[in-house]
Amino acid sequence: MPVHDRRYRGFTGERRSPRGLFWTLARYGLAEVFSKRLLLVLFVIACLPVVIYATLIYLANNLDVLALLGIQNADMNKLATNLSGTLFFWFVVGQANLAFLFASFAGPSLVAPDLTHGAMPLYLSRPLTRCDYILGKLAILGTLLSAITWVPGLLLVGLQSALAGGGWLVEHARIPIGILLGSLAWIVLLSLSALAISAWIRWRPLATGALFVIFVLGGAFGTAINQTLDTRWGQLLMLTEQMRTIWFDLFGVGRIFGQMNDKGDLPVAACWIAIAAFSALAALLLHRRIRAHEVVS
Amino acid sequence: MSRAVLGADSKRAEGVVNTTPVASAVLGADSKRAEGVVPTTPVASIVFRDVSKFYGEVLGVNRIDLTIGPGITALVGPNGSGKSTLMNLAAGLLRPTEGAIEVLGLTPDQPDQLFRRIGYCTQYESFPRGMTGWDFVHLYLRLHGMPRGDAERLARRAIERVGMVEAATRRVGAYSKGMKQRIKLAQAIAHDPQVLVLDEPLNGLDPLARAETVELFRAFAAEGRVLLVSSHVLHEVDELADRVVLVHGGYVVAEGAVEGVRDELAAERPLQVFVRCDQPSLLAARVFSEDHVVEARLDGDRRGLLVRTENAERFYLLLNRVAGEGVVDIEAVLPADDDVQSVYQYLIGAVAPGSS
């Protein structure tokens, strides 16, 4: 080879914008999630209620089909006349619980292995910032949890709207908004919490346990505070209760099941602020942990 | 601790900030390394200007002024000396507490541009879990924003270059330490960077893989790339680097070509040269007549002479004269302490890292 041909020449092809690089991380992460049988089974289970709800909506709008089959069901008749916020509220609550279950198993394995295996310096020696890394990991959980919650929720709304016709959607406009906002708030809270825990607790079973402690046992602490101090502000520790208050408000269904205590729920605005504050705290904890190097202490 | 900044420019030894590009290092004493290839980048490639890095109260590196050009530069120092901090600073993974760093004229504030031109290899086993060698290299190329087709082509080429084609479809977790080093190297070179920052890249390699990797580094250097390589194995550095930077306690204590570093120390630490000849006593009498020779000691088998001199150049001229006279038959001349290990020991006054 001639001498002049042997000098350094870098890659001259086109590159994608660094802004979208986090999707590459997300795609690899999604492939890894679905390579695990447990997570795949959980995901399929989480999708099953959608089929059930779709069937219910179809039958409620086609009672003659039941009649043809010789089935007269009073509950179905009742449902047909009440296809309002309540049905979709229960759908969101059910899917949110499944999303929590899925996130508590999938989330802890998203950041911890990268930290354990020292992969962070290599990720961050690319045109990839710490925020991009977090965004990429967030996109993994965000995509999966969206596929369980608001995406099928809006599809069900679309189905109901198509079957009911004549202005049903206009009359129930807060339902799709409730599904979207309520689900997104839950997804952000859940994803950031799961990733933050994954960044600080490297042993997966312990990280999964920690998520349960925050979301489930937090409620017990909140109740204890409420009863001991005769207040309702202990609910600030009860993330699931706060989300429920927000969903009640978004769907306009009123509290379907009993109050947490006789002093009533927290104001909805306080719940939104608390959820936002907790999400911000989780993001901060996560950001502190994502570094290209170990900090010497 | 005084700092010996060495090489042809003696001003550097007087504490003058080193701004001289070292492109010549590629073609320096060992011209075989460059094989007639002229580095294409005449400017300094990595520049540290009065750089300090503190981790809270802990000193990482302090007041570093350093200029690194094309060719292979080795960072040498014991554990905790600040090598990795310097590497991470050069790779843009750490921000200095004080001072400024430029790599190819780019600052860490331009990560989009900077990281395209830097290939980085950590000293640790840095692998996302469960990946095959191919996935590992391919993922990181995709994270550089390469389109799929280009990423596949470049990944294939890098994997071929490190000799990992057959193992590329196996999971990295099942690799030997040497294979892991090679696949890490593949990800560092895959996007065709101009600057390679390689932290302990020869650790764990068997002798054959080590020789192949060193050849690969030389090929990169011959292409005019900048290689910053850290090592604590000194004989490795002797063999590999065009230039060394000795680091200790967060300070750069010496920099330059190994031979240059040794020459600068000659006044305090006379150079030791072993001469194998048939009449060592006669040779001893001749060399003692020179004022730069401080010691001459006969070897045990009376077939050699160990000479300590403050001026290697004059001593070699003397040897030429003696050989020309034909009185003494000189079989071999071997410098005994102009390697990195000796330099390190003289400068730091400690047992050199990696020496046994």
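Everything quoted here is computed from the prediction, not taken from an experiment. (Residues numbered from 1 in each chain as written. Chains lettered and ligands numbered in written order. Predicted model: local features only at pLDDT ≥ 70, side-chain atom pairs only at ≥ 80, totals over all residues.)

Undergrad: Can you walk me through the overall build of chain B in this structure?
TA: The secondary structure content of chain B amounts to twelve helices and 14 strands. Split into buried and exposed, the 356 residues of chain B put 51% on the buried side. Counted over contacts in chain B with a minimum sequence separation of 6, partners at least 24 positions apart contribute 69%. (Helix = DSSP H or I, 4+ residues; strand = E, 2+ residues; numbered from the N terminus. Buried ≥ 20, exposed ≤ 12 C-beta atoms within 10 Å, placed from the backbone. Contact = placed C-beta atoms within 7 Å.)

Undergrad: How do you make sense of the overall build of chain A when you look at a structure like this?
TA: A tally of helices and strands in chain A yields 14 helices and zero strands. Listed by position from the N terminus, the elements making up chain A come as α-α-α-α-α-α-α-α-α-α-α-α-α-α. Taking as baseline every contact in chain A between residues at least 6 positions apart, the subset at least 24 positions apart corresponds to 77%.

Undergrad: So what exactly am I meant to see when it comes to unusual backbone geometry here?
TA: As a rule of thumb, non-glycine residues mostly have phi less than zero, and peptide bonds are mostly trans rather than cis. Residue and element names in this part refer to chain B. The backbone of aspartate 50 sits at a positive phi, close to 50°, despite the residue not being glycine. Positionally, aspartate 50 belongs in strand β2 (residues 46-55). Under the C-beta neighbour-count criterion, aspartate 50 is labelled partly exposed, with 13 such atoms within 10 Å. Here the phi dihedral of arginine 63 falls at roughly 50°; this positive angle occurs in a residue that is not glycine. For arginine 63, the position within the fold is in strand β3 (residues 58-68).

Undergrad: Sorry if this is basic, but what is going on with the packing of helix α4 (residues 133-142) of chain B against helix α6 (residues 177-189) of chain B here?
TA: Two quantities define a packed helix pair, namely the angle between the helix axes and the distance between the axes. Residue and element names in this part refer to chain B. One way to put it is that α4 packs onto α6 with a least axis distance of 9 Å and a crossing angle of 25°. Between α4 and α6, the angle falls in the class roughly parallel. Here α4 and α6 pass one another in a crossing that is right-handed. The residues of α6 that touch α4, namely those facing Gly133, Phe136, Val137 and Tyr140, are Ile183, Ala186 and Gln187. When the residues that make up the contact of α4 with α6 are grouped by side-chain class, the tally is five nonpolar, two polar and no charged. (Axes fitted to C-alpha atoms, helices over the stretch in contact; angles between N-to-C directions. Parallel < 35°, antiparallel > 145°, perpendicular 65-115°, else oblique. Left-handed = near helix turned anticlockwise from the far one by under 90°. Nonpolar A, V, L, I, M, F, W, Y, C, P; charged D, E, K, R; others polar.)

Undergrad: Could you clarify how one ought to interpret the sheet that holds β3(B) in this entry?
TA: Note on sheets: strands pair through backbone hydrogen bonds, and any given pair is parallel or antiparallel. Residues and elements named next belong to chain B. Pairing within the open sheet is antiparallel, and its three strands lie in the order β3-β2-β5. A single partner strand is all that each edge strand has here, and the edge strands are β3 and β5 (98-103). Between one strand axis and the next, the sheet turns through 20° on average, direction left out of account. With five bridges joining them, β2 and β5 adopt antiparallel strand pairing. Paired with phenylalanine 48 across the bridge in β5 is isoleucine 101. (Pairing = 2+ DSSP bridges.)

Undergrad: How should helix α12 (residues 204-229) of chain A be read in this particular structure?
TA: For the α-helix, the turn length of 3.6 residues means that residues three or four positions removed from each other point alike. Residue and element names in this part refer to chain A. Here α12 is 26 residues long and its end C-alpha atoms lie 36 Å apart, about the 38 Å a rise of 1.5 Å per residue gives. Along its length, α12 reaches its greatest deviation from straightness, about 40°, at leucine 217. Among all positions in α12, only Ala207, Thr208, Ala210, Leu211, Ile214, Gly222 and Asn226 are buried. On its buried face, α12 sits against α5 (85-106), α6 (108-116) and α11 (174-200). (Expected span 1.5 Å × (residues − 1). Bend = angle between axes of the 7 residues up to and from the residue.)

Undergrad: Which parts of the structure should I look at to understand the interface of chain B and chain A?
TA: Of the residues lining the interface, 42 residues belong to chain B; the matching set on chain A comes to 32 residues. Of all elements in the fold, only α3 (111-117), β6 (118-121), α4 and α5 (148-161) of chain B reach the threshold of two or more residues within the side of chain B that touches chain A. Per-element tally for the side of chain B that touches chain A: the top contributor is α3(B), with five residues. Here the residues of the side of chain B that touches chain A are counted per class, giving 20 nonpolar, twelve polar and ten charged.

Undergrad: Just checking my understanding: could you explain the environment of B:Arg269 for this structure?
TA: Residue and element names in this part refer to chain B. Following the sequence through the fold, arginine 269 ends up in the loop between α9 (258-264) and β11 (271-277). Judged by the 17 C-beta atoms lying within 10 Å of it, arginine 269 is partly exposed. Placed 160 residues apart in sequence, arginine 269 and aspartate 109 show a C-alpha to C-alpha distance of 44 Å.

Undergrad: What is the right way to read the packing of α6(A) against α11(A) from this model?
TA: All names here are of chain A. The geometry of α6 relative to α11 is characterised by a closest axis approach of 7 Å and an angle of 30° between their N-to-C directions. By the angle class used here, α6 and α11 are roughly parallel. At the point where α6 passes α11, the crossing takes the right-handed sense. On the side of α6, the interface is formed by Pro108, Leu110, Val111, Ala112 and Leu115, while α11 contributes Ala194, Leu195, Ile197, Ser198 and Ala199. The residue makeup of the contact of α6 with α11, split by class, is nine nonpolar, one polar and no charged.

Undergrad: Looking at this structure, how should I read the pairing of strand β4 (residues 71-76) of chain B?
TA: Along a regular strand, successive side chains alternate from one face of the sheet to the other. Residue and element names in this part refer to chain B. When you tally the buried positions in β4, you get six out of six residues, the bulk of the element. The side-chain alternation of β4 yields two buried faces, one formed by Gly71, Thr73 and Leu75 and the other by Ile72, Ala74 and Val76. Of the strand pairs in this sheet, β4 and strand β8 (residues 226-231) are connected by six bridges, and their pairing is parallel. Bridge pairing links leucine 75 to serine 230 in β8. Alignment of β4 against strand β9 (residues 243-248), held across four bridges, turns out to be parallel.

Undergrad: Would you mind showing me how to read the confidence of the model for chain B here?
TA: For any part of a model where pLDDT is low, the fine detail of the predicted coordinates should not be relied upon. Residue and element names in this part refer to chain B. Of all residues in chain B, 81% attain a pLDDT of 70 or more, and the chain-wide mean is 78. Confidence drops under pLDDT 50 across residues 1-42; counting only partners more than four residues distant or on other chains, this segment forms 87 contacts. Prediction confidence for the complex, expressed as pTM and ipTM, is 0.72 and 0.71 respectively. (pLDDT = per-residue confidence, 0-100.)

Undergrad: Quick question: what am I supposed to make of the environment of B:Ile72 here?
TA: All names here are of chain B. Structurally, isoleucine 72 can be placed in strand β4. As a C-alpha pair, isoleucine 72 and glutamate 295 span 223 residues in sequence and 35 Å in three-dimensional space. Apart from residues lying up to four places away in sequence, isoleucine 72 is in contact with Phe217, Ala221, Leu227, Val229, Leu240, Ala241 and Asp242.

Undergrad: It is not clear to me how the nonpolar core should be interpreted in this structure. Could you clarify?
TA: Soluble globular proteins tend to pack their nonpolar side chains together in the buried interior. Ranked by size, the top nonpolar core spans 152 residues in total, and within it A:Ala99, B:Ala90, B:Val137, B:Ala186, B:Val197, B:Leu227 and B:Leu228 carry the most contacts. Of all the elements, α11(A) adds the most residues to this core, at 13 residues. Sequence-distant contacts of B:Val137, that is, excluding residues within four places in its chain, are made with B:Ala155, B:Ala158, B:Ile159, B:Ile183, B:Ala186, B:Gln187 and B:Ala190. Listed in part, the 13 residues of the second largest apolar core include B:Cys277, B:Ala296, B:Phe315 and B:Leu319. (Core = buried A, V, L, I, M, F, W, Y, C linked by C-beta atoms within 7 Å.)

Undergrad: Could you clarify how one ought to interpret the environment of A:Arg174 in this entry?
TA: Residues and elements named next belong to chain A. Mapped onto the elements of the fold, arginine 174 is located in helix α11. By C-beta crowding, arginine 174 is classed as partly exposed, having 16 other C-beta atoms within 10 Å. In the structure, arginine 174 is positioned 64 residues away from leucine 110 in sequence and 34 Å away in space, judged by C-alpha atoms. Every residue in contact with arginine 174, bar those within four places of it in the chain, is listed here: Leu250, Phe251 and Gly252.

Undergrad: Looking at this structure, how should I read helix α2 (residues 83-90) of chain B?
TA: Residue and element names in this part refer to chain B. Within α2, eight of the eight residues are buried, which leaves it mostly tucked inside the rest of the structure. If you check which residues of α2 are buried, you get Lys83, Ser84, Thr85, Leu86, Met87, Asn88, Leu89 and Ala90. One or two residues past the end of α2 sits glycine 92, with phi positive at roughly 80°.

Undergrad: Sorry if this is basic, but what is going on with the pairing of strand β10 (residues 251-256) of chain B here?
TA: Residue and element names in this part refer to chain B. In terms of residue burial, β10 counts as a mostly covered element, since five of its six residues are buried. Pairing analysis gives five bridges linking β9 to β10, with the strands arranged antiparallel. The partner of valine 245 across the bridge, within β10, is glutamate 255. As consecutive antiparallel partners, β9 and β10 are separated by two residues, and within that stretch glycine 249 has a phi angle of approximately 55°, a positive value.

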